[in-house]
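Each chain, written out:
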Amino acid sequence: MAVQQIQAEPRKVTGKQVKALRRAGLIPAVIYGAGLTPMAIELKARDAEKALVRATGATLFDLALGGETHKVLVREVQRGSIRRDLRHVDFLKVAMDQLIRAVVPIELMGEAPAVKTLGGVLVTSVQAIEVEALPADLPDRISISIEALEKIDDKITVADLPLGKGVKVLTSAEDVVARVI
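Right, let's walk through the structure included here.

Thresholds applied
Residues numbered from 1 in each chain as written. Predicted model: local features only at pLDDT ≥ 70, side-chain atom pairs only at ≥ 80, totals over all residues. Heavy atoms only, no water. Helix = DSSP H or I, 4+ residues; strand = E, 2+ residues; numbered from the N terminus. Buried < 20%, exposed > 50% of the residue type's maximum accessible area, 1.4 Å probe, protein only. Contact = heavy atoms within 4.5 Å. Areas by Shrake-Rupley, 256 points an atom, 1.4 Å probe, with all protein chains shown as cover. Lys, Arg positive; Asp, Glu negative; His and termini not counted. Charge placed at Lys NZ, Arg CZ, Asp CG, Glu CD. Core = buried A, V, L, I, M, F, W, Y, C linked by side-chain atoms within 4.5 Å. Arc of directions from axis to C-beta. Pairing = 2+ DSSP bridges.

**Some words on the overall build of the protein chain**
Secondary structure assignment for the protein chain yields 3 helices and 13 strands. Oriented by its inertia axes, the alpha-carbon framework of the protein chain measures out at about 60 × 40 × 25 Å. Looking at the protein chain residue by residue over its 181 residues, the buried ones come to 39%. Contacts in the protein chain between residues far apart in sequence, at least 24 positions, make up 63% of those at least 6 positions apart. Carbon together with sulfur atoms contributes 51% to the accessible area of the protein chain, which is approximately 10400 Å² in total. Averaged over its 25 positive side-chain charges, the protein chain has a centre that lies 9 Å from the centre of its 23 negative ones.

In structure tokens:
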């Protein structure tokens, strides 16, 4: 998957004055991490919303800031409680040669034959797993087909998940992701 780029500018407005920033179509954010002093930045609201709509805590971005490009992960996204509009974003700059831990969501795809033909019920337990990998090897989500669940009591465990090279699972391998009962 290609790494998305987000444009940012240094931010001089802080505190309660960020309301004016939001009215101007900008989102306050902060970047911190490997070899970088924490810095207040601002993003264009429309561009940030497009880039962050399907982002997870394991999605790697290129953040263009002041002529430099930083490899970052989204650590926190704050949204408004009513309109769910973007309010603030925290970015973590990562060193590309150091292992990092991240929580990666699991996407179940397809339909289980045991549910469709045998009248079973699909029960999901684990929606995300913790992994350790280099930032370049980190999957932003893990997709798995549930088409293999053909009989009642068939299950998919964390050990069955397809992971790329260099990705170490920290969640217990026996944890059940999906099961037909």
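**Thoughts on the nonpolar core**
In terms of nonpolar packing, the biggest core is built from 27 residues, with Ile106, Ile129, Leu138, Leu149, Leu161 and Val177 touching the most fellow members. Of the residues forming this core, the biggest block, 4 residues, is contributed by strand E7 (residues 100–109). The contact partners of leucine 161, leaving out residues within four places of it in the chain, are Ile106, Ile129, Ile142, Ile144 and Val177.

**Here we look at helix H2 (residues 45–52)**
Within H2 the residues assigned to the buried category are Ala48, Ala51 and Leu52. One face of H2 carries all of its buried residues, which in axial projection span an arc of 85°. Exposed side of H2, more than 90 degrees from the buried face: Arg46 and Lys50 are the residues found there. Among the structural elements, strand E1 (4–10), strand E3 (36–44), strand E4 (60–65), strand E5 (68–79) and strand E6 (86–93) are those in contact with the buried residues of H2.

**Examining the sheet that holds strand E12 (residues 168–169)**
Taking strand neighbours across the sheet as the criterion, the 4 strands line up as E10-E7-E9-E12 in an open arrangement whose pairing is mixed. Unpaired on one side and paired on the other, strand E10 (142–145) and E12 mark the two borders of the sheet. Alignment of strand E9 (residues 128–133) against E12, held across 2 bridges, turns out to be antiparallel. What sits directly across from glutamate 132, in E12, is lysine 168.

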